[in-house]
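Architecture and fold: a report
Listed below are the residues making up each chain.
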Amino acid sequence: MPLKNINPTRTESWKKLQLHFEQIKDVTMKSLFQKDNTRKEKFTLSFDEFTLNYSKNRITEKTLSHLLNLASETELQDAIEKYFNGDKINETENRAVLHTALRNQNNNEIKVDGFDVMPEIKQTLLKIKSFSEAVISGSFKGYSNKKITDIVNIGIGGSDLGPKMVVESLQFYKNHLNTHFVSNIDGDHVSEILKNLNPETTLFIIVSKTFTTQETLTNAETIKKWFLKSATKNDIKHNFVAVSTNLSKVKEFGVAEENIFTMWNWVGGRYSLWSAVGLSISLAIGFKNFNDFLKGAFEMDNHFRKTPFEKNIPVVLALLSIWYNNFFNSESEVVIPYTQYLEKLAPFLQQLSMESNGKSVDRNGNKINYQTGNIIWGNTGTNVQHAFMQLVHQGTKLIPVDFIGFKQSLYGNEDHHKKLMANFYAQAEALYAGKTEEEVHLDMKFKGDTNKINQLLPFKVFEGNKPSNTILIKKLSPKNLGALIAIYEHKTFVQGVIWNINSFDQFGVELGKELANKMISTIS
Ligand code: G6Q
């Protein structure tokens, strides 16, 4: 069954939210904290090793209750069940949306067109396991019978961003294999990667759901030519594997049948890192860690599916985001992890959210007259404090922030970690509290700058009242990373349901693919 078609702006709760917005838009969070000393506890949620503190948002209990009613009026619970059950909720492509099945660790059946997809998923997982173990242990060898030392993932978009982000984020758990990613059609990208590689000891994974993507096929052909300078066609089967739904095209390329990992059209590219698209992850950190990563996502799936909306982390994050996007008209959201490992999280979330929810027609195909997809951006703290945070603190735009921090560092350097976390908390506090004229005045006086007060005072004032969420996680483990990604996947889903759009097609991306192929003949 498709999702219901409910225009959110015609619901009672939307109208109430509009009225409520007028009353609350100038209220300061400081005054709300002063009135209620239980606010922090009230607006804190926990899940396993995660704590979400969303008390520094421009909301009251009333706001939350209207937002929760909006979720009920747009029939979110019904949508969640359809999402997990394999209903064809991607209507424009007539497809189910089942990335959650890829990490399902229950023994239930999940049917698409009457067929249970779980046996095939489990089989593919077993294949990922045995292949990863063989490559890591060295029993799988390259064409000249040498052990594999390097892995190159050839893919783009959903076939690149997810695995690349996870491999980099979990590098603490990495084994001896060096992992590289080629995505851009820019020939310099592939040349830079190939220049240090030995064809005998490198394993190439061509990842393309369609196996028709210009960038990936061009890079794969270039790499094949380079490989054939020292090897023969017959050797391709030793050093090339592929992940795709398009088996005939993969075979045409020369990949041996036993080296093909299947995927399914009910997994969208940007949601596919849980499938064999994540083979490079399993190779880099071993299957056990890969399985923990799936487990973390599975546990978050259960939380999302079964927890009442007011205690449901992805639902609450999505509702807050809608509150700012549709009522405060804030256009973007910034995500700032306080760990260098998550440097690639923002580009990954950009694709996840912006490709999914960058839509301007509703599920009926009608043009919509309200805002949808947010612009997502970010980078790691503390680096961003020395860069774009200026605009978030003192610019003219309201930009809600997600701060992501970890209680423990991985190498246990306490001195660094204390300082890192001091910055993590200080940024949220500064955005919230700001700095009043009186405070600036006092501060300057205290520092002996009395003579400059008249000149500098307005520049040193911080309005404050800038919203942020803090997501505090015990430590960056494969399991917790899986859960973190699943939070954002489900947040994206909830937003799409409420905005009444199809989050799972991507005609905008496909346009680029078509145009590039057409233009090629016109470029001399
Ligand atoms: C993801 C997008 C897009 C896609 C790439 C690669 O949701 O549709 O980023 O993943 O265009 O496509 P192939 O995997 O088919 O090469």
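The rules we used
Residues numbered from 1 in each chain as written. Predicted model: local features only at pLDDT ≥ 70, side-chain atom pairs only at ≥ 80, totals over all residues. Heavy atoms only, no water. Buried < 20%, exposed > 50% of the residue type's maximum accessible area, 1.4 Å probe, protein only. Helix = DSSP H or I, 4+ residues; strand = E, 2+ residues; numbered from the N terminus. Pairing = 2+ DSSP bridges. Right-handed = clockwise from strand over helix to strand, strands pointing away. Expected span 1.5 Å × (residues − 1). Arc of directions from axis to C-beta. Near = heavy atom within 4 Å. Polar contact = N/O pair within 3.5 Å; in protein donor to acceptor, adjacent residues only side chain to side chain. Areas by Shrake-Rupley, 256 points an atom, 1.4 Å probe, with all protein chains shown as cover. 1 Å grid on protein atoms, 1.4 Å probe; cavity = no way out; pocket = protein on both sides within 12 Å on 5 of 7 lines; lining within 4 Å. Sits in = over half its atoms within 2 Å of the grid points. Nonpolar A, V, L, I, M, F, W, Y, C, P; charged D, E, K, R; others polar.

Next up on the list: the pairing of strand 5 (residues 150-154). The element strand 5 is largely enclosed, with a buried count of five among its five residues. A two-sided burial pattern is seen for strand 5, the buried positions comprising Asp150, Val152 and Ile154 on one face and Ile151 and Asn153 on the other. Bridge analysis of strand 5 against strand 6 (residues 178-182) gives five bridges, and the strand direction is parallel. Among the inter-strand pairings, Val152 is bridged to a residue of strand 6, identified as His180. For the crossover that starts at strand 5, traverses helix 8 (residues 161-169) and ends in the parallel strand 6, the hand is right-handed.

The subject of this paragraph is helix 10 (residues 214-228). Note: α-helices contain 3.6 residues per turn, so residues at a spacing of three or four share the same orientation. Counted at 1.5 Å a residue, the expected span for helix 10 with its 15 residues is 21 Å, and the 21 Å between its end C-alpha atoms agrees. Those residues of helix 10 that fall on the buried side of the exposure criterion are Thr216, Asn219, Ala220, Ile223, Lys224, Trp226 and Phe227. The arc that holds the buried residues of helix 10, viewed along the axis, is 160°, so those residues lie on one side.

Close to the ligand lie 14 residues, the nearest being Ser208, Thr210, Thr213, Arg270 and Glu355. Within the side chain of Ser159, an N or O atom sits 2.7 Å from an oxygen atom of the ligand. Within the side chain of Ser208, one N or O atom sits 2.6 Å away from an oxygen atom of the ligand. Taken by itself the ligand offers 410 Å² of open surface, and the protein chains cover 92% of this. Under a 2 Å grid-point criterion requiring more than half of the atoms, the pocket assigned to the ligand is the largest pocket. Class assignment of the residues belonging to the shell around the ligand gives a composition of one nonpolar, nine polar and four charged.

So, to be careful, I would describe these as geometric facts and stop short of saying anything about function.
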